[in-house]
Amino acid sequence: EYVNREYFFLSETPQVQSIGWGGGCHRICLVVTLRHQKSGELLNVFNLHLDHLSQEARVNGLQLIMERVKEKQGHNIVAGDFNTTSSSGCYNIIADVMTDTSKTPGAKVFSTCQGFGAGKGNQNGSPIDFIFVDKEDTLLKSYKICNDTFEMNGVVRNYSDHYAVQSVVTFL
């Protein structure tokens, strides 16, 4: 059941429309809070899009998001376009406290950004889109990068410049 929604800018002034820390454009985080009807437990879903130009904006934006995660009661999911790979320090800000669902046993992991290219994209690259869940009381069941295509006027196309990422988890 829907409880609440909010958004904030990834900047020094999160409640005011603004570009933060030398970023290339406005970046926001959307948050929705849901309540499980039977148990009453809360689930907070944070959807983000970190900056593509400024490492400082990515780091500070993610630190701001993690501060908000700590303020919430219930389970948490943080997902979206991080515009960085798992080899960056920015990634470690969240990976140190939450679980990356691409670590699900048996997961096939490859680049999630393909820039509107036709076909299946770079099957050997690293993802920049992630889903993170609470480390405690969470069971990872499956993970998938959805690289489906469609045909239009005889041309194979992708749905977006990024592949969707999906994960099935159980909160215990």
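Here we summarise the structure given alongside this text. Keep in mind that this is a model prediction, so the values were computed, not measured. (Residues numbered from 1 in each chain as written. Predicted model: local features only at pLDDT ≥ 70, side-chain atom pairs only at ≥ 80, totals over all residues. Heavy atoms only, no water.)

## Points about the overall build of the chain
No. 1: Along the backbone of the chain there are two helices and ten strands.
No. 2: A compact globule built from 172 residues should have a C-alpha radius of gyration of about 16 Å, and the chain, at 17 Å, falls within 12% of that.
No. 3: When the backbone C-alpha atoms are referred to their principal axes, the chain occupies close to 50 × 40 × 30 Å.
No. 4: Nonlocal contacts in the chain, meaning residues at least 24 apart in sequence, comprise 66% of its contacts between residues at least 6 apart.
No. 5: With the model as given, the accessible surface of the chain reaches about 9300 Å², and the carbon-plus-sulfur share is 50%.
No. 6: Side-chain charges in the chain split into 15 positive and 18 negative, and the spacing between the mean points of these groups amounts to 5 Å. (Helix = DSSP H or I, 4+ residues; strand = E, 2+ residues; numbered from the N terminus. Rg over C-alpha atoms; globule rule 2.2 N^0.38 Å. Contact = heavy atoms within 4.5 Å. Areas by Shrake-Rupley, 256 points an atom, 1.4 Å probe, with all protein chains shown as cover. Lys, Arg positive; Asp, Glu negative; His and termini not counted. Charge placed at Lys NZ, Arg CZ, Asp CG, Glu CD.)

## Re helix α1 (residues 55–71)
No. 1: Under the 1.5 Å per step criterion, the end-to-end length of α1 is 25 Å for 17 residues, consistent within 8% with the ideal 24 Å.
No. 2: Three or more residues of α1 are buried, namely Ala57, Arg58, Asn60, Gly61, Leu62, Leu64, Ile65, Met66, Arg68 and Val69.
No. 3: On the buried face of α1, the contacting elements are β1 (2–9), β2 (28–35), β3 (42–49), β4 (75–81), α2 (89–95) and β5 (98–100).
No. 4: N-capping of α1 is provided by Ser54, with a side-chain oxygen placed 3.3 Å from the backbone N of Glu56. (Expected span 1.5 Å × (residues − 1). Buried < 20%, exposed > 50% of the residue type's maximum accessible area, 1.4 Å probe, protein only. Polar contact = N/O pair within 3.5 Å; in protein donor to acceptor, adjacent residues only side chain to side chain.)

## Here we look at the sheet that holds β3
No. 1: Taken in spatial order, the six strands line up as β1-β2-β3-β4-β6-β5 in an open sheet, and their pairing is mixed. Here the strands that pair on one side only, and so sit at the sheet edges, are β1 and β5. Across the sheet, the mean angle separating the axes of adjacent strands is 20 degrees when strand polarity is ignored.
No. 2: For β3 and β4, the ladder comprises seven bridges, and the chain directions are parallel. Across the sheet, residue Phe46 finds its bridge partner in β4, namely Val78. (Pairing = 2+ DSSP bridges. Axes fitted to C-alpha atoms, helices over the stretch in contact; angles between N-to-C directions.)

## Some words on the packing of aromatic side chains
Between two aromatic rings, the relevant description is the distance of the centres plus the angle of the planes.
No. 1: A complete count under the given rule lists eight aromatic pairs for this structure.
No. 2: Ring geometry for Tyr7 and Phe9: centres 6.0 Å apart, planes at 75 degrees, overall edge-to-face.
No. 3: Ring geometry for Phe130 against Phe132: centres 5.9 Å apart, planes inclined by 45 degrees, an arrangement best described as tilted. Phe132 carries the same exposure label as Phe130, and that label is buried. (Phe/Tyr/Trp six-rings, centres within 6.5 Å; stacked < 30°, edge-to-face > 60°.)

## With respect to unusual backbone geometry
No. 1: In this structure, Asn83 is a non-glycine residue whose phi angle is positive, near 50 degrees.
No. 2: Mapped onto the fold, Asn83 is located in the loop between β4 and α2.
No. 3: With a relative accessible area of 19%, Asn83 lands in the buried category.
No. 4: Residue Asp137 is not a glycine yet carries a positive backbone phi of 60 degrees.

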